[in-house]
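Here is how the chains run, residue by residue.
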Amino acid sequence: MRFDVTALLRAPVGSVQTYRLEGEPSASGAAGLGKQVTGSVSLLRTGEGILATAHLQVRVAESCGRCLKPVSVPLEVDFQEEYLPTVDHETGSRLAVAEAGDGFVIDDRQVLDLTEAVRQYGLAAQPLQALCRPDCKGLCPACGQDLNRGPCSCDAEATEPPMHAVARVTADESKTGNIRRE
Ligand SMILES: [Zn+2]
Ligand SMILES: [Zn+2]
């Protein structure tokens, strides 16, 4: 996710470089986000720096929120951020403008690194609960069996209330019981 922007910094304002990423390994994989990055990045030379526009799909390793199976979740990561140079590309002297801000910067070797932005926007795009499939049945809370592979032996007892209890419940309570059974 690192782009050498030496040439682009020397180019006139409005110049654009575009990149297509095909399963690019992301350096942020170590942080638990982004094994592979696909999509497009365009870098536009602005008056002050470079405006990066990214439309990326990042595959994230997660575990299913119901059955704990490992799943690979595709995240749409779209962002636009301006990167400011830290050194003057002609003189090599440090620029105060970038140091003062807390935005993204181009390092002193004229490398623009998207890794941190992808990580931040990727975290924001992450689902609260990843599922291996929308209708995952999860694990039995009693015995821990993966119910996607079929019902476990404690299933029948857990979900069928005893006959005498059924006879006593009111209409409302039986509705609640139905919800619990699902
Ligand atoms: Zn699952
Ligand atoms: Zn069970």
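Structural data are supplied above this passage.
In what follows, the accompanying structure is described. Here the structure is a predicted model, which means the values were calculated and not measured.

Calculation rules
Residues numbered from 1 in each chain as written. Chains lettered and ligands numbered in written order. Predicted model: local features only at pLDDT ≥ 70, side-chain atom pairs only at ≥ 80, totals over all residues. Heavy atoms only, no water. Helix = DSSP H or I, 4+ residues; strand = E, 2+ residues; numbered from the N terminus. Buried < 20%, exposed > 50% of the residue type's maximum accessible area, 1.4 Å probe, protein only. Contact = heavy atoms within 4.5 Å. Areas by Shrake-Rupley, 256 points an atom, 1.4 Å probe, with all protein chains shown as cover. Donors = N, O, S within 2.8 Å, 3.2 Å for Na, K, Ca; no water. Tetrahedral: all angles 85-135°; square planar, octahedral: opposite > 155°, others 65-115°. Core = buried A, V, L, I, M, F, W, Y, C linked by side-chain atoms within 4.5 Å. Phe/Tyr/Trp six-rings, centres within 6.5 Å; stacked < 30°, edge-to-face > 60°. Pairing = 2+ DSSP bridges. Lys, Arg positive; Asp, Glu negative; His and termini not counted. Salt bridge = Lys/Arg side-chain N within 4 Å of Asp/Glu carboxyl O. Polar contact = N/O pair within 3.5 Å; in protein donor to acceptor, adjacent residues only side chain to side chain.

### Things to note about the overall build of the protein
Part 1 of the reasoning: The helix and strand tally for the protein stands at 6 helices and 7 strands.
Part 2 of the reasoning: Shown N-terminal to C-terminal, the secondary structure of the protein runs as helices and strands in the order β-α-β-β-β-β-α-β-β-α-α-α-α.
Part 3 of the reasoning: Relative to its 182 residues, the protein shows a buried fraction of 32%.
Part 4 of the reasoning: For the protein, the proportion of contacts with a sequence separation of at least 24, taken over those separated by at least 6, is 52%.
Part 5 of the reasoning: For the protein, the accessible surface area stands at approximately 11200 Å², while carbon and sulfur atoms represent 52% of it.

### Observations concerning the coordination of the zinc ion (ligand 2)
Part 1 of the reasoning: Every protein donor of the zinc ion (ligand 2) is accounted for by Cys-140 (SG), Cys-143 (SG), Cys-152 (SG) and Cys-154 (SG), and the metal-donor separations fall at 2.1 to 2.3 Å.
Part 2 of the reasoning: Seen from the zinc ion (ligand 2), its 4 donor atoms lie at angles of 104 to 119°, and the figure they make is tetrahedral.
Part 3 of the reasoning: Between the donor residues of the zinc ion (ligand 2), the gaps in sequence give the motif C-x2-C-x8-C-x1-C. In this pair, Cys-140 is assigned in the loop between α3 (115–125) and α4 (155–159) and Cys-154 in the loop between α3 and α4, connecting sequence segments 14 residues apart.

### Overview of the coordination of the zinc ion (ligand 1)
Part 1 of the reasoning: The zinc ion (ligand 1) binds to the protein through Cys-64 (SG), Cys-67 (SG), Cys-132 (SG) and Cys-136 (SG), with metal-donor distances spanning 2.3 to 2.4 Å.
Part 2 of the reasoning: Angles of 105 to 113° at the metal separate the 4 donor atoms of the zinc ion (ligand 1), which places the site in the tetrahedral class.
Part 3 of the reasoning: As a motif over one chain, the donors of the zinc ion (ligand 1) read C-x2-C-x64-C-x3-C. Separated by 72 residues along the polypeptide, Cys-64 in the loop between β4 (50–63) and β5 (70–85) and Cys-136 in the loop between α3 and α4 bring together distant segments of the chain. Residues Cys-64 and Cys-136 agree in their burial class; the two are buried.

### A closer look at the nonpolar core
Part 1 of the reasoning: Residues Val-5, Leu-43, Leu-56 and Leu-114 are the most contacted members of the largest nonpolar core, which totals 31 residues.
Part 2 of the reasoning: Listed by contribution, the elements that provide at least two residues to this core are α1 (6–10), β3 (36–45), β4, β5, β6 (104–106) and α3.

### Here we look at unusual backbone geometry
Part 1 of the reasoning: Even without being glycine, Leu-68 reaches a positive phi, approximately 70°.
Part 2 of the reasoning: Inspection of the secondary structure puts Leu-68 in the loop between β4 and β5.
Part 3 of the reasoning: Classification of Leu-68 by relative accessible area gives exposed; the value is 56%.

### Digging into the packing of aromatic side chains
Part 1 of the reasoning: In the structure shown here, the tally under the stated rule is 3 aromatic pairs.
Part 2 of the reasoning: The interplanar angle of 50° and the centroid separation of 4.6 Å between the aromatic rings of Phe-3 and Tyr-19 together place this pair among those described as tilted. Of this pair, Phe-3 sits in strand β1 (residues 2–4) while Tyr-19 sits in strand β2 (residues 16–25), and the two are 16 residues apart along the sequence.
Part 3 of the reasoning: An angle of 25° between the planes, with centres 5.2 Å apart, marks the rings of Tyr-83 and Phe-104 as stacked. One end of the pair, Tyr-83, is in strand β5; the other, Phe-104, is in strand β6, and 21 residues separate them in sequence. Each member of the pair, Tyr-83 as well as Phe-104, carries the same accessibility label: buried.

### Focus on the pairing of β5
Part 1 of the reasoning: Direction of pairing for β4 relative to β5: antiparallel, over a ladder of 14 bridges. Within β5, the residue paired with Ala-52 across the bridge is Glu-81.
Part 2 of the reasoning: Hairpin remark: β4 followed by β5, antiparallel, with 6 residues in the connecting loop; positive phi at Leu-68, about 70°.
Part 3 of the reasoning: Examined bridge by bridge, β5 and β6 share 3 bridges and lie parallel to one another. Paired with Pro-85 across the strands is Ile-106, a residue of β6.

### So, the side chain of Glu-81
Part 1 of the reasoning: Mapping Glu-81 onto the fold places it in strand β5.
Part 2 of the reasoning: Despite its burial, Glu-81 pairs with no opposite charge; the closest candidate is Arg-119, at 12 Å N-O.
Part 3 of the reasoning: Only 2.4 Å separates the side chain of Glu-81 from the side chain of Tyr-121, close enough to count as a polar contact.

In short, the description is geometric, and any link to function would need to be established separately.
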